[in-house]
Amino acid sequence: MNNFCRIGVFYDGSYFSYAQTYFYAEKKVGWLSFTPFHRLIEQFISSKEQRYAMHRIVYASWHQGLFPASQTNEKQFFVERNRHLDLMHAGIEPKYVPMAPSGHEKGVDVSLAVDVMERVMEGKIDVAVLVTGDGDLTPLARTVMKHGVRVGVFYFEYDSPQRNSRVNGRLITACNYAFNVNDLERDPRYATVFKTLFRVPQVTAAKE
């Protein structure tokens, strides 16, 4: 038996970005960072997949729509460059799809699903973790499990003046494991764990 559990993490990029903005701009707790988030995933999966001696993320990818340069302002270029650097440092492969003329994302869920199935069919992962709340990925979760790969979903549930976040119930039911990141925020027992997920910007005191 292989004593090493290989985890693949597949990000719905816009979904995760909205959560980052929520925690940073509205909750004022810092910037949700990939490295501690990956540690959280590994620890959670290790508690569920106890037949393995080790649990490591061996593959991670980021799926998101991308505007052409002609439709991108300077601020957006800045945001995208910083995000790309964060992805590189965390070992996450960015996989962008062109934005539709309407300005909406099209094909991101398909891109994510194809990526997952490629890793599954190649026999590269034992557990697929979906970072999303999208119920359209429910058939993907069911198909992945038919191939002997377990599926977990990490999601965010919060209410915000800008955007509310929920997870589709069918997706939770279809997956082997589900983890609501916001539960850490609400439970005092996990206050320390919750804080470790964030990078707090360094503020330089103004000279008098």
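1. Considering the overall build of the chain
Point 1. When helices and strands are counted, the chain shows eight helices and eight strands.
Point 2. Looking at the 208 residues of the chain, the share that counts as buried comes to 47%.

2. Quick word on the pattern of salt bridges
When their charged atoms lie close together, side chains carrying opposite charge are able to pair.
Point 1. Taken as a whole, this structure holds 13 salt bridges when the rule is applied.
Point 2. The salt bridge involving Arg 6 is made with Asp 126; its shortest N-O contact spans 3.1 Å. With Arg 6 in strand S1 (residues 4-12) and Asp 126 in the loop between helix H4 (108-121) and strand S5 (127-131), this residue pair connects regions lying 120 residues apart in the sequence.
Point 3. For Asp 126, a relative accessible area of 12% gives the class buried.
Point 4. Of the charged contacts in the structure, one is a salt bridge between Lys 95 and Glu 93, with a shortest N-O distance of 3.6 Å.
Point 5. One connected set of salt bridges, linked through shared partners, spans Asp 115, Glu 118, Arg 119, Glu 122 and Lys 124.

3. Some remarks on the packing of aromatic side chains
Point 1. The final tally for this structure, using the stated rule, is 23 aromatic pairs.
Point 2. With a centroid separation of 3.9 Å and an interplanar angle of 10°, the aromatic rings of Tyr 22 and Tyr 158 are classed as stacked. Of this pair, Tyr 22 sits in helix H1 (residues 13-26) while Tyr 158 is found in the loop between strand S6 (150-155) and helix H6 (169-174), placing the two residues 136 residues apart along the sequence.
Point 3. Note on Phe 37 and Phe 154: the rings are 5.9 Å apart at their centroids and 80° apart in plane angle, and the pair reads as edge-to-face.

4. Side note on the sheet that holds S6
Point 1. The six strands lie next to each other as S4-S3-S1-S5-S6-S7, forming an open sheet whose pairing is parallel. Across the chains shown, the open sheet's two edge strands, defined by having one partner strand only, are strand S4 (93-98) and strand S7 (177-180). Put simply, the sheet's adjacent strands are angled 20° from each other on average, direction ignored.
Point 2. Set on the sheet, H1 makes contact with S1, strand S3 (54-66), S5 and S6; between it and S3 the angle comes to about 95°.

5. Describing H1
Point 1. In this model, H1 (14 residues) spans 19 Å end to end at C-alpha, consistent with the 20 Å of a helix rising 1.5 Å per residue.
Point 2. Turning to H1, its buried residues number three or more, namely Gly 13, Ser 14, Tyr 15, Phe 16, Ser 17, Ala 19, Gln 20, Tyr 22 and Phe 23.
Point 3. Remark: Lys 28 follows H1 within two positions and exhibits a positive phi of approximately 60°.

6. As for the packing of H4 against helix H5 (residues 138-146)
In helix packing, the relevant descriptors are the interaxial angle and the interaxial distance, both defined with respect to the helix axes.
Point 1. One way to put it is that H4 packs onto H5 with a least axis distance of 11 Å and a crossing angle of 5°. By the angle class used here, H4 and H5 are roughly parallel. Residues Leu 112, Ala 113, Val 116, Met 117 and Val 120 of H4 lie in contact with H5, whose contacting residues are Leu 140, Thr 143 and Val 144.
Point 2. Here the residues of the contact of H4 with H5 sort into seven nonpolar, one polar and no charged.

7. Structural notes on the pairing of S7
Point 1. The pairing of S6 with S7 spans four bridges and is classified as parallel. The partner of Tyr 155 across the bridge, within S7, is Asn 180.
Point 2. Regarding topology, H6 serves as the crossover connection from S6 to the parallel S7, and that connection is right-handed.

Definitions and cut-offs
Residues numbered from 1 in each chain as written. Predicted model: local features only at pLDDT ≥ 70, side-chain atom pairs only at ≥ 80, totals over all residues. Heavy atoms only, no water. Helix = DSSP H or I, 4+ residues; strand = E, 2+ residues; numbered from the N terminus. Buried < 20%, exposed > 50% of the residue type's maximum accessible area, 1.4 Å probe, protein only. Salt bridge = Lys/Arg side-chain N within 4 Å of Asp/Glu carboxyl O. Phe/Tyr/Trp six-rings, centres within 6.5 Å; stacked < 30°, edge-to-face > 60°. Pairing = 2+ DSSP bridges. Axes fitted to C-alpha atoms, helices over the stretch in contact; angles between N-to-C directions. Contact = heavy atoms within 4.5 Å. Expected span 1.5 Å × (residues − 1). Parallel < 35°, antiparallel > 145°, perpendicular 65-115°, else oblique. Nonpolar A, V, L, I, M, F, W, Y, C, P; charged D, E, K, R; others polar. Right-handed = clockwise from strand over helix to strand, strands pointing away.

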